[in-house]
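Chain residues, written in single-letter form:
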Amino acid sequence: EMAKITRSSVIYDANIISSNPQEVLQIIKLFLSNNIKLLGVELGGELSNSGYSHFMNIEKYISLSKLYADSIRAVYKDLSIAVVAAPNNRGSRRLEIWNNKLANETFYDAIIVHPYAKVIKGKDAAGKMLPVIPEGTSNKETYEIYKERAIKYIISDFKQEINKYNKTYQNKKIWITEWNLQMSPVTGNSLLQALFTAHQLIELASEEYSNIDIATFHNLAG
């Protein structure tokens, strides 16, 4: 109902941990039978995160993803399938191995990435910056500090991150199914966030990022 009201296309983020392939096929059928434009299927969400490491590693992720991809393609041959790439900007050997091993596979059409710009300082708690370390001696000075970091992220950090994915995955199609400023009560729903969004959309529209097929702005309320 929401997709129809908003005239939205849909990416189905399939649960590959506690569901089964038949359930995933039923949900795909539900979308298509209701004339929803289904762009593709994302196999799992952020499963490279350390919070899942007690039961998920790259070998298990590849095995599960192949199982679900084969089941989907047996029925829906033309439906695009994307897998979850690991963050490549954290200097983690485990995440580097995740990307290198996943890049050797050929069963998927695109990789999923979630780039977030960190413009404030504080303690990172599950994607949110809580608490925030105050910076600047006035609102204007604080705004300028955050603005410069946002601009640097767009024209430098983001570019490096995408270039690294392109090198590892040999220019595979990219779906950005989340992007935004990192969640914070300081910058959330602010003019800074609005300007960042506009700037980032213009950047994503450039020829340099032609292999980015999808970019879904995430969590305005946050």
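Every residue gets a number counted from 1 within its own chain, in the order that chain's sequence is written. Only residues with pLDDT of 70 or above have their local features reported here, since the model is predicted, and side-chain atom pairs are shown and tallied only from 80 upward, although totals for entire chains, interfaces and linings are computed over all residues. As a rule here, side-chain values cover all heavy atoms of the structure and leave hydrogens and water aside.

**Some remarks on the packing of aromatic side chains**
Moving on, step 1. Each pair of aromatic rings taken from Phe, Tyr and Trp, with Trp reduced to its six-membered ring, is defined by centres within 6.5 Å and is described as stacked if the planes are under 30 degrees apart, edge-to-face if over 60, and tilted in the remaining cases. Inspection of every chain in the model, using the stated rule, returns 9 aromatic pairs.
Moving on, step 2. With centroids separated by 6.2 Å and ring planes inclined at 45°, the aromatic side chains of Tyr153 and Phe196 adopt a geometry described as tilted. Taken as a pair, Tyr153 in helix H5 (residues 139–168) and Phe196 in helix H6 (residues 191–204) lie far apart in primary sequence, 43 residues in all. Both residues of the pair, Tyr153 and Phe196, count as buried.
Moving on, step 3. Aromatic ring contacts, followed pair by pair, group Tyr153, Phe158, Trp179, Phe196, Tyr209 and Phe217 into a single cluster.
Moving on, step 4. When the ring centre of Tyr108 is taken as origin, the NZ or CZ atom of Lys172, which lies over that ring, is 5.0 Å away. Secondary structure elements are taken from DSSP: a helix is a run of H or I of four residues or more, a strand is a run of E of two residues or more, and numbering for both begins at the N terminus. To sort residues, take the accessible area from a 1.4 Å probe on protein chains only and compare it with the maximum for the residue type: under 20% means buried, over 50% means exposed, and anything in between is partly exposed. Remark: a charge is flagged as sitting over a ring if the NZ atom of Lys or the CZ atom of Arg is within 6 Å of the ring centre and within 35 degrees of the ring normal.

**Considering the packing of H5 against H6**
Moving on, step 1. Structural elements are reduced to axes, namely lines fitted to C-alpha atoms, with helices fitted over the stretch in contact, and the angle between N-to-C directions of any two is expressed from 0 to 180 degrees. The contact between H5 and H6 brings their axes to 11 Å, and the two run at 20°. When the interaxial angle is binned, H5 and H6 end up roughly parallel. In this structure, H5 meets H6 at a crossing whose hand is right-handed. Only Leu192, Leu195, Phe196, His199, Gln200, Glu203 and Leu204 of H6 make contact with H5, whose side of the interface consists of Tyr143, Tyr146, Lys147, Ala150, Tyr153, Ile154, Ile155, Phe158 and Lys159. Should an angle fall under 35 degrees it is taken as roughly parallel, and over 145 as roughly antiparallel, whereas 65 to 115 is taken as roughly perpendicular and any remaining angle as oblique. A crossing counts as left-handed when the near helix is turned anticlockwise from the far one by less than a right angle, and as right-handed when that turn is clockwise. When checking whether two residues touch, look at their non-hydrogen atoms; a contact exists if any pair is within 4.5 Å.

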